[in-house]
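Inside the fold
As a plain string of letters, each chain reads:
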Amino acid sequence: MAEFDLNDDLIRRLAGLLEETGLTELEYEADGQRIRVSRGSSVSQVSVAPAAAAPSVAPAPSAGDAIPAGAITAPMVGTVYTAPSPGTPDFVSVGDKVREGQTVLIIEAMKVMNQIAAPRGGTVTQILIDDGQPVEFGEPLIVIE
């Protein structure tokens, strides 16, 4: 097994994020190394493995979980916001025409506001999330046709 350069500060920050967010598991990958921090009922656990040794495989969606065609999916875990700030109009509504690169949502992750842009132009046919809703990686957000 290869030697790993453990970054104690990074592990402590990831463990702190578990506490802060209430998540039970976090995974971070960089420079060919993957760090997974998880916690049980009261004990935190850290495991480190080479990225190539443990490929991440998403579970196959069941018939009820099928992602609609044309859906924009969450590129990260976080809280989704449909407007640039509270009290302002939403970025998009059902029926709106959008252009490629246009901001359609914001996902807040680790106190950073990440703009989510339309990957293509088209018409918004569905909005599958609510403002302020927590989202998981790969969760469908908006359908553009």
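The present account deals with the structure reproduced in this document. Everything quoted here is computed from the prediction, not taken from an experiment.

**Some remarks on the overall build of the protein chain**
Regarding its fold elements, the protein chain presents one helix and eleven strands. Moving toward the C terminus, one meets the helices and strands of the protein chain in the order α-β-β-β-β-β-β-β-β-β-β-β. For the protein chain, contacts bridging at least 24 residues in sequence account for 49% of all contacts bridging at least 6.

**Overview of the pairing of strand β9 (residues 122-127)**
The pairing of strand β6 (residues 97-98) with β9 spans two bridges and is antiparallel. The residue bridging valine 98 from the neighbouring strand is glycine 122, located in β9. In terms of strand pairing, β9 meets strand β11 (residues 140-144) through three bridges, oriented antiparallel. Across the sheet, valine 124 pairs through a bridge with isoleucine 144, a residue of β11.

**Topic: the sheet that holds strand β10 (residues 134-135)**
Strand pairing in a sheet takes place through backbone hydrogen bonds and is either antiparallel or parallel in direction. Spatially, four strands are ordered β8-β7-β5-β10 in an open sheet, and the strand pairing comes out antiparallel. Where the open sheet ends on each side, the last strands, each with one partner, are β8 (112-117) and β10. Of the pairings in the sheet, the one linking strand β7 (residues 103-109) to β8 comprises six bridges and is antiparallel in character. Its bridge partner being in β8, isoleucine 107 is matched across the sheet by asparagine 114.

**A closer look at the environment of leucine 26**
Of note, leucine 26 is situated in strand β1 (residues 25-30). Between the C-alpha atoms of leucine 26 and valine 77, which are 51 residues apart in sequence, the distance is 9.9 Å. Excluding residues that lie within four positions of it along the chain, leucine 26 makes contacts with Leu14, Leu17, Leu18, Ile35, Arg36 and Val37.

**Some words on the side chain of threonine 103**
The topology assignment puts threonine 103 in strand β7. Of the polar contacts made by the side chain of threonine 103, one reaches the side chain of glutamine 115; its length is 3.2 Å. Ignoring anything within four residues of it in the chain, the contact list for threonine 103 reads Phe91, Gln115, Ile116 and Ala117.

**Side note on the nonpolar core**
In this structure, Val104, Leu105, Leu141 and Ile142 are the most contacted members of the largest nonpolar core, which totals 16 residues. Sorting the residues of this core by element identifies β7 and β11 as the ones contributing at least two each. Discounting residues that sit within four places of it in the chain, isoleucine 142 has contacts with Gly70, Ala71, Ile72, Val92, Val104, Leu105, Val124, Gln126 and Ile127. Counting eight residues, the second-largest nonpolar core is a separate cluster that includes Leu10, Ile11, Leu17 and Val37.

**Brief notes about the sheet that holds β11**
Pairing is antiparallel in the open sheet, where four strands are placed in the order β4-β11-β9-β6. In this open sheet, the two edge strands, each paired with only one partner strand, are β4 (71-73) and β6.

**Quick notes on the environment of valine 80**
Note that valine 80 resides in strand β5 (residues 78-81). In this structure, the C-alpha to C-alpha distance between valine 80 and alanine 109, residues 29 residues apart in sequence, is 9.1 Å. Among residues more than four places away in sequence, those in contact with valine 80 are Leu105, Ile106, Ile107, Ile129, Asp130, Asp131, Gly132, Gln133 and Val135.

Criteria and cut-off values
Residues numbered from 1 in each chain as written. Predicted model: local features only at pLDDT ≥ 70, side-chain atom pairs only at ≥ 80, totals over all residues. Heavy atoms only, no water. Helix = DSSP H or I, 4+ residues; strand = E, 2+ residues; numbered from the N terminus. Contact = heavy atoms within 4.5 Å. Pairing = 2+ DSSP bridges. Polar contact = N/O pair within 3.5 Å; in protein donor to acceptor, adjacent residues only side chain to side chain. Core = buried A, V, L, I, M, F, W, Y, C linked by side-chain atoms within 4.5 Å. Buried < 20%, exposed > 50% of the residue type's maximum accessible area, 1.4 Å probe, protein only.

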